[in-house]
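Coordinate analysis (summary)
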Amino acid sequence: LYTADEMTASMEPGHEDREYVDDAARPLELDSPQWSPAMKGNLISDILQGNPIPPLVFAEQVANGLAIIWNLDGKQRCTTAYSFSKDAFKITKNIRRWLIAYQTSVKGKDGTEIFDKSGFPVYEKQEFDIRGKKYSELPEELQDRFKEYNFEIVQYLNCSSEDIAYHIARYNEGKPMTVSQKGL
């Protein structure tokens, strides 16, 4: 598993853990901007609800001692989560589920947490309308839920160029690819 926070941090420019080849050097991957605003918003809604989403699939190719990571399936999910965490877009109004339930601790008039007789914090249920909101406009509890969301990861290790081509074709069957995306 990989948290959204770990995944978005790994996408930062200059991240030295692995080499992520730019899009022009990866002709077999589907282009990133293929999702509509509603698709992006529905993904963020699912993450905030804690709903399972399909696993992210990567392949590692070692060339000249450098590990190159290919995103076989999940590029739109990765880039959408990353973009949202950087306030790059607001969630559209055309999503399936916009009221997100969460719990927050009850605070007294002075702003301090209220505790029950056993010494545990008292919580209350809240709902937040995420339509038209950027990441920074979410309540802290929902920002934390987003950052702590666990993406399931499938990774193929030590792949050859032929393995990469095979896996990309396999994971993208039924999805339109351009001529340049089909050639290596």
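First things first, this report covers the structure right here in the doc. Keep in mind the model is a prediction, meaning the values are calculated, not measured. (Residues numbered from 1 in each chain as written. Predicted model: local features only at pLDDT ≥ 70, side-chain atom pairs only at ≥ 80, totals over all residues. Heavy atoms only, no water.)

1. Let's talk about the nonpolar core
Buried together is how nonpolar side chains tend to be arranged in soluble globular proteins. Judged by nonpolar contacts, the single largest core of 26 residues is most densely connected at L48, F84, I130, L138, F146 and F151. Looking at this core, the elements that each hand over two or more residues are α1 (4-10), α2 (37-49), β2 (56-63), α3 (75-85), β4 (99-105) and α4 (140-148). Broken down by element, this core gets its largest block of residues, 4 residues, from α2. Apart from the residues within four sequence positions on either side, F146 is in contact with A4, I44, I47, L48, A81, F84, S85 and Y135. Counting 8 residues, the second-largest nonpolar core is a separate cluster that includes V57, I68, L72 and I164. (Core = buried A, V, L, I, M, F, W, Y, C linked by side-chain atoms within 4.5 Å. Buried < 20%, exposed > 50% of the residue type's maximum accessible area, 1.4 Å probe, protein only. Helix = DSSP H or I, 4+ residues; strand = E, 2+ residues; numbered from the N terminus. Contact = heavy atoms within 4.5 Å.)

2. Things to note about the sheet that holds strand β3 (residues 66-73)
With mixed pairing, 3 strands are arranged side by side in an open sheet as β3-β2-β7. Each end of this open sheet is capped by a strand with a single partner; those strands are β3 and β7 (153-156). Taken over all neighbouring pairs, the strand axes of this sheet differ in orientation by 25 degrees on average, direction set aside. For β2 and β3, the ladder comprises 7 bridges, and the chain directions are antiparallel. Bridged to Q61 within β3 is I68. Seen against the sheet, α3 touches β2 and β3 and runs at an angle of roughly 100 degrees to β3. The strands touched by helix α5 (residues 161-171) are β2, β3 and β7; relative to β3, the strand with the most contacts, the crossing angle is about 20 degrees. (Pairing = 2+ DSSP bridges. Axes fitted to C-alpha atoms, helices over the stretch in contact; angles between N-to-C directions.)

3. Regarding the side chain of D73
By the secondary structure assignment, D73 is in strand β3. Under the relative-accessibility criterion, D73 is labelled buried at 13%.

4. Observations concerning the pattern of salt bridges
Inspection of the entire model under this criterion finds 3 salt bridges. Of the charged contacts, one joins D73 and R77 as a salt bridge, the two residues approaching to 3.3 Å between their closest N and O atoms. When sorted by exposure, D73 lands in the same class as R77, which is buried. For the salt bridge of K147 with D144, the shortest nitrogen-to-oxygen distance reads 3.7 Å. Separated by 3 residues within a single helix, K147 and D144 lie in helix α4, roughly one turn from each other. Classification of K147 as partly exposed rests on a relative accessible area of 31%. (Salt bridge = Lys/Arg side-chain N within 4 Å of Asp/Glu carboxyl O.)

Note that all results are geometric; they support no functional claim without further evidence.
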